[in-house]
Amino acid sequence: MDEDVLDSAASSLYSLGFLESEEQDGARGGTEGFDAWAPWGREGLSFHFSTRDAPFTESTDEIREELTKDPSPPLFKEYKDADRIFLPRYQEDPGRSYREVLYRRRTHRDFADAPVGREVFSTLMAMTFGVKDFIDAQQFGALMLRTSPAGGARHELEAYTVVTGVAGIAPGIYHYNVREHSLELLKEGEFRDSLTRACDSQSGVGEAPFSVVLTAVVPRLSFKYRHPRAYRVMLMNSGHLGQTFVLTATALGLGPFQTAAFNDSAVEELLGVDGVRETALYVLSAGVPAVDANGNAVLSHPPMSLEGSRKARFE
Ligand SMILES: Cc1cc2nc3c(=O)[nH]c(=O)nc-3n(C[C@H](O)[C@H](O)[C@H](O)COP(=O)(O)O)c2cc1C
């Protein structure tokens, strides 16, 4: 067998954690520290170590030509034939200061029965998932900008919403059409319980008047970034949108929730996406926070009391 092929196979097996290397492990202090990865098994190791130290190359005319010789996957996903609700362009003024938003944000799992206002919901969708502007990326065509950064600026993430309690919006599962700022109806009716079951029956999803499922349209990013490390970028992009969602929800007076604990196949089936070209990454929810008799938001983990701090370990 060709020596290069053997070298490359050995190096892949090494980076996946199946082989040890005297030379390289010596340089990074043997296998010490890998016990920290043990609970995550081979999958966790392979996830991370096979995409470490990626070689970055200068972009050249030849590379740009190669990357743009086929038409790029569309920037926007649309369900052209779906019934739709056009969301209002009016935006609620979030009002709260940046400092207040940062420090007030908490994860909420209890919500009031009150429906979320249509304009509040619409503002949250626009500020988190809508178009902020466009840039001219020359050979790569027009690229959209959102309020969150996105590695590759391809904005491969789509938002779907499962609505049960938003004023003026019939319960159902919708795709958020970014270009139109509209909701495209995929399934009409109550689907909160189905989503909750797909999320391991978690209370944040189970009580929320609406949830948003973030999916990634893989070819929209893999077309431009052809190295496996781009998978990390996709997950980071999803985290950015998640953070913008929870901060914006807080600014608008809503209580946000987020979870990565869901059955991918069940969520994808609910949305009607294939789980391969388009895959679910993150579930976000929000609602009007439930309050106690003193008017304080009900939190499953309230700030620690004196009694609690006496019992707690801080080390
Ligand atoms: C990526 C991610 C996944 C999460 N998954 C869950 C979850 O599955 N269930 C849950 O109850 N909370 C989940 N949370 C919420 C965290 O438990 C919560 O952020 C943490 O306890 C800190 O509380 P705080 O958000 O109120 O500051 C998740 C948060 C993040 C950022």
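Rules behind the numbers
- Position numbers for residues count from 1 along each chain, tracking the sequence in the order it is written.
- For this predicted model, a pLDDT threshold of at least 70 governs which residues receive local features, and a threshold of 80 or more governs which side-chain atom pairs are given and counted, while totals over whole chains, interfaces and linings are taken from all residues.
- Note that the side-chain values use all heavy atoms of the structure and ignore hydrogens as well as water.
- We count a stretch as a helix when DSSP gives it H or I for four or more residues in a row; a strand needs E for two or more, and each element gets its number in order from the N terminus.
- In these tables, accessible area is a Shrake-Rupley quantity obtained with a 1.4 Å probe, and a residue counts as shielded only by the protein chains included in the view.
- Charge assignment in this entry is limited to Lys and Arg as positive and Asp and Glu as negative, and neither His nor the chain termini are counted.
- Where a charge lies is defined by one atom per residue type, namely NZ (Lys), CZ (Arg), CG (Asp) and CD (Glu).
- Patches here are clusters of residues that have more than 30% relative accessible area and form no salt bridge, with a 9 Å joining cutoff for like charges and a 5 Å cutoff for nonpolar side chains (Val, Leu, Ile, Met, Phe, Trp, Tyr).
- When a carboxyl oxygen of Asp or Glu is within 4 Å of a side-chain nitrogen of Lys or Arg, the pair counts as a salt bridge.
- Exposed residues in this analysis have more than 50% of their type's maximum accessible area, buried residues have under 20%, and partly exposed residues fall in between, with area computed by a 1.4 Å probe over protein chains only.
- Residues are classed as near a molecule or strand on a simple rule: at least one heavy atom within 4 Å of it.
- Pairing of N or O atoms within 3.5 Å defines a polar contact, subject to two protein rules: one partner must be a possible hydrogen donor and the other a possible acceptor, and residues neighboring in sequence count only if both atoms are side-chain atoms.
- Any pair of Phe, Tyr and Trp rings, taking the six-membered ring for Trp, is counted once the centres come within 6.5 Å. Such a pair is stacked with planes under 30 degrees apart, edge-to-face with planes over 60 apart, and tilted for the rest.
- By nonpolar core we mean a set of buried residues, namely Ala, Val, Leu, Ile, Met, Phe, Trp, Tyr and Cys, connected to one another through side-chain atoms within 4.5 Å.
- We call two residues in contact whenever any of their non-hydrogen atoms come within 4.5 Å of each other.
- Axis definition: a line fitted to C-alpha atoms, over the contacting stretch in the case of helices. Angles run 0 to 180 degrees between N-to-C directions.
- Here is the rule for handedness: rotate from the far helix to the near one, and if that takes an anticlockwise turn smaller than a right angle the crossing is left-handed, while a clockwise turn gives right-handed.
- Residues are grouped as follows: nonpolar covers Ala, Val, Leu, Ile, Met, Phe, Trp, Tyr, Cys and Pro; charged covers Asp, Glu, Lys and Arg; every other residue, Gly included, is treated as polar.
- One bridge is not enough; two strands pair if DSSP finds at least two bridges between them.

The name given to the protein chain in an unreviewed UniProt entry is SagB/ThcOx family dehydrogenase, with Streptomonospora nanhaiensis as the source organism.

**Student:** Which residues make up the overall build of the protein chain, and what values go with them?
**Tutor:** Within the protein chain, the regular secondary structure consists of twelve helices and nine strands. Taken along its principal axes, the extent of the C-alpha atoms in the protein chain is 70 × 60 × 35 Å. Looking at the protein chain as shown, the accessible area adds up to about 17,800 Å², and 52% of this sits on carbon and sulfur atoms. The distance from the centre of the 32 positive side-chain charges to the centre of the 46 negative ones in the protein chain is 6 Å.

**Student:** Any chance you could break down a nonpolar patch on the surface for me, citing the residues and the numbers?
**Tutor:** Residues Phe 47, Tyr 231 and Leu 235 make up a contiguous nonpolar surface patch of about 310 Å² in total accessible area. Within the element layout of this structure, Phe 47 appears in helix α3 (residues 41-49). Of the residues examined, Phe 47 reaches a relative accessible area of 54% and is grouped as exposed.

**Student:** Break down the site of the ligand for me, citing the residues and quoting the values.
**Tutor:** Residues in contact with the ligand, as listed here, are Arg 105, Arg 106, Thr 107, Arg 109, Gln 202, Phe 257, Gln 258, Thr 259, Ala 260, Ala 261 and Tyr 282. Taking Arg 106, its side chain carries an N or O atom lying 2.5 Å from an oxygen atom of the ligand. Gln 258 places a main-chain nitrogen or oxygen 3.4 Å from a nitrogen atom of the ligand. The fraction of the free accessible surface of the ligand (620 Å²) that becomes covered by protein chains is 56%.

**Student:** Quick one: what's the story with the packing of aromatic side chains, residue by residue and with numbers?
**Tutor:** Where two aromatic rings form a pair, the distance of their centres and the angle of their planes describe that pair. Scanning all chains against the criterion turns up seven aromatic pairs. Judged by centre distance (5.3 Å) and plane angle (40 degrees), the rings of Phe 34 and Phe 49 are tilted. With Phe 34 in the loop between α2 (22-27) and α3 and Phe 49 in helix α3, this residue pair connects regions lying 15 residues apart in the sequence. Judged by relative accessible area, Phe 49 falls into the buried class, the value being 13%. Relative to Phe 49, the ring of Trp 37 lies with its centre 4.9 Å away and its plane at 65 degrees, an arrangement referred to as edge-to-face. You can see Trp 37 sitting in the loop between α2 and α3 and its partner Phe 49 sitting in helix α3, a full twelve residues away along the chain. Clustering of aromatic rings is evident, with ring pairs tying together Phe 34, Trp 37, Trp 40 and Phe 49.

**Student:** Which residues make up the nonpolar core, and what values go with them?
**Tutor:** Ranked by size, the top nonpolar core spans 42 residues in total, and within it Phe 121, Phe 129, Tyr 176, Phe 210 and Phe 245 carry the most contacts. Breaking this core down by element, the ones donating at least two residues are α6 (118-129), β3 (142-145), β4 (157-163), β5 (172-177), β6 (182-188), β7 (210-217), α10 (230-251) and β9 (278-287). The leading source of residues in this core is α6, at six residues. The contact partners of Phe 245, leaving out residues within four places of it in the chain, are Leu 124, Thr 128, Phe 129, Phe 210, Val 212, Leu 284, Ser 285 and Ala 286. Listed in part, the 17 residues of the second largest apolar core include Val 162, Leu 195, Val 273 and Val 283.

**Student:** Provide a residue-level description of the pattern of salt bridges, including the pertinent values.
**Tutor:** The final tally for this structure, using the stated rule, is twelve salt bridges. When the shortest N-O distance is used, the salt bridge between Glu 66 and Lys 69 registers 3.1 Å. Judged by relative accessible area, which is 54%, Lys 69 ranks as exposed. Of the charged contacts, one joins Arg 96 and Glu 100 as a salt bridge, the two residues approaching to 3.7 Å between their closest N and O atoms. Each member of the salt-bridge network shares a partner with another, and the members are Glu 78, Lys 80 and Arg 179.

**Student:** A description of the packing of α6 against α10 should follow, citing residues and the corresponding values.
**Tutor:** In the contact formed by α6 and α10, the axes pass within 9 Å of each other and the chain directions differ by 145 degrees. Of the two possible hands of crossing, α6 and α10 adopt the one that is right-handed. Every residue of α10 that contacts α6 at Leu 124, Met 127, Thr 128 and Phe 129 is listed here: Leu 241, Thr 244, Phe 245, Thr 248 and Ala 249. Each residue belonging to the contact of α6 with α10 can be placed in one class, and the counts come to six nonpolar, three polar and no charged.

**Student:** I'd like to hear about the pairing of β5, residue by residue, with values.
**Tutor:** Counting buried residues along β5, six of its six residues qualify, which places the element largely inside the surrounding structure. In the sheet, β4 pairs with β5 via four bridges, with the strands oriented antiparallel. Counted as the bridge partner of Val 163 is Gly 172 from β5. Across six bridges, the pairing between β5 and β6 is antiparallel. Opposite Ile 173, over in β6, you have Lys 187 as the bridge partner.

**Student:** Tell me what's going on with the side chain of Ser 211, and back it up with residues and numbers.
**Tutor:** Along the polypeptide, Ser 211 turns up in strand β7. Of note is the side chain of Ser 211, whose polar atom sits 2.7 Å from the side chain of Ser 285. For Ser 211, the contacting residues outside a window of four places in its chain are Tyr 160, Thr 161, Val 162, Leu 195, Val 205, Leu 284 and Ser 285.

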